[in-house]
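Architecture and fold: a report
Now for the letters of each chain:
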Amino acid sequence: MSEAKKLTAPAVRARKVSNGDAPLVMVTAYDAPGARIADAAGVDLILVGDSLAMVVLGYDDTLQVTTADMAHHVAAVARGARGSKTLVVGDLPWLSYHVSVEDTLRNAALLVRAGATAVKLEGGRKRVPMIEAIVDAEIPVMGHIGLTPQSVHAMGGFKVQGKEANGAQVLVDDAKALVDAGCFSIVLEGVPDAVAKLVTDAVPVPTIGIGAGPHCDGQVLVFHDLLGIEDRISPKFVRRYANLGADAIAAMQAYAADVRSGAFPNDAESYH
Ligand code: KIV
C-alpha cells in the first residue's frame, strides 16, 4: 500500500476559509476501526478526544481519564490510521498539563510516542506557559476555548460560553494569546455563532468549531454522536448522519432470534 501524503500541522495552520480554503473536517475516534472509518471517509484530522471518558468508557464527565488511558487509545487510532493522510491529534486530559512544565512535557511526549502528531489542550491565556513549553519541544499544539469540558465544575455545568460582550472579548483575547504562544489551530466549543466569527476573523490560524455555528474554518463532531451510536442526549449542535445505535440493536435482535429458533448457524455456516 502506498503511503498517502500526510496532512501536517503547518499545512493545517495555513488553512483559512477567508483565504479561499475548504473548511477543515475533524472527527473524534478512539480505536483502530474508528480511525479506519474516518480515514476512508476522507476526514482531514482525527482527534482522540478525552470525550473517550464519556462516549466509550461510560463516565459522566471527561475528568476521569488519565494520560495512560489517552495514550492507549491514541496508539490504537494511530495503528488504524497508519499510511493514511489524516493527522492524528491526541487530547491532553485534565491535570496532565496543570502541575508543572516538566510534567506537561512528559505527558505530551507520551501521546506523541503513542502516535499523535499534535496534542490539544483546553484553556486560554493561563495555559500560555505550558503551550510555549510544548511548542518549544517541537510538538504542535491545538488550543481549545469556549466551553471547555474539563472546567465543567468551575463553569457550573456544560454551558454555552461568551454570551456577554465581555465574554466575547475574553475569547478573542484568549485566542490571540494562544496564537502568540504557537498554537497551529484552535477548537471553539459551545459559543454563539457571532462570537465564533469574531474569534475566527481575529486570528491567522484556523478555528475548528463544535456548537459554534458555521463561521469557523472547520468543524468537529464526536464519532458516536454523528453516527447515532450515542443517542441518550442530543445536543442542538449535533447532526446525526446515521442511526448505527438503532441499527446495531436491530441486528443483535435478529441474531438472537435466529439462535433461539435454530436458524443460525445453517449448513453453509458450519464446517463439515
Ligand atoms: O474530547 C473531545 O472530543 C473534544 C471535542 C469535542 C473537540 O475535545
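Computed from a predicted structure; not experimentally measured. (Residues numbered from 1 in each chain as written. Predicted model: local features only at pLDDT ≥ 70, side-chain atom pairs only at ≥ 80, totals over all residues. Heavy atoms only, no water.)

Some thoughts on the sheet that holds strand S4 (residues 118-120)
- A barrel is described by the order of its strands in space; here eight strands give the closed sequence S1-S2-S3-S4-S5-S6-S7-S8, paired in parallel fashion. Here the strands of the sheet are splayed against their neighbours by 25 degrees on average, with no regard to which way each runs.
- One ladder, built from three bridges, connects strand S3 (residues 87-91) with S4; its direction is parallel. Directly across from Val89, in S4, lies its bridge partner Ala118. (Pairing = 2+ DSSP bridges. Helix = DSSP H or I, 4+ residues; strand = E, 2+ residues; numbered from the N terminus. Axes fitted to C-alpha atoms, helices over the stretch in contact; angles between N-to-C directions.)

Details of the nonpolar core
- In this structure, Ile46, Leu92, Leu111, Val119 and Ile134 are the most contacted members of the largest nonpolar core, which totals 58 residues.
- The element best represented in this core is helix H8 (residues 165-181), accounting for eight residues.
- Met26, Ala118, Phe184 and Ile208 belong to the second-largest nonpolar core, a separate cluster that totals 16 residues. (Core = buried A, V, L, I, M, F, W, Y, C linked by side-chain atoms within 4.5 Å. Buried < 20%, exposed > 50% of the residue type's maximum accessible area, 1.4 Å probe, protein only.)

Quick word on a nonpolar patch on the surface
- On the surface, Val56, Leu57 and Tyr59 cluster together to form a nonpolar patch covering roughly 240 Å² of accessible area.
- Assignment of secondary structure puts Tyr59 in the loop between helix H3 (52-55) and helix H4 (67-80).
- Taking relative accessible area as the criterion, Tyr59 reaches 40% and is therefore assigned partly exposed. (Patch = residues over 30% accessible without salt bridge, like charges linked within 9 Å, V, L, I, M, F, W, Y side chains within 5 Å. Areas by Shrake-Rupley, 256 points an atom, 1.4 Å probe, with all protein chains shown as cover. Salt bridge = Lys/Arg side-chain N within 4 Å of Asp/Glu carboxyl O.)

Section: the packing of helix H2 (residues 32-40) against H4
- Two elements in contact, H2 and H4, have axes separated by 7 Å at closest approach and are oriented at 45 degrees. Taken together, H2 and H4 sit at an angle that is classed as oblique. Here H2 runs over H4; the crossing is right-handed. Residue-level inspection shows Ala32, Ala35 and Arg36 of H2 in contact with H4, the latter providing Ala76, Val77 and Gly80.
- Among the residues forming the contact of H2 with H4, the class breakdown is four nonpolar, one polar and one charged. (Parallel < 35°, antiparallel > 145°, perpendicular 65-115°, else oblique. Left-handed = near helix turned anticlockwise from the far one by under 90°. Contact = heavy atoms within 4.5 Å. Nonpolar A, V, L, I, M, F, W, Y, C, P; charged D, E, K, R; others polar.)

Notes on a negative patch on the surface
- A cluster of acidic residues, Glu132, Asp136, Glu138 and Asp180, forms a negative patch on the protein surface.
- Topologically, Asp136 is positioned in helix H6 (residues 128-136).
- Note on Asp136: relative accessible area 62%, which makes it exposed. (Lys, Arg positive; Asp, Glu negative; His and termini not counted. Charge placed at Lys NZ, Arg CZ, Asp CG, Glu CD.)

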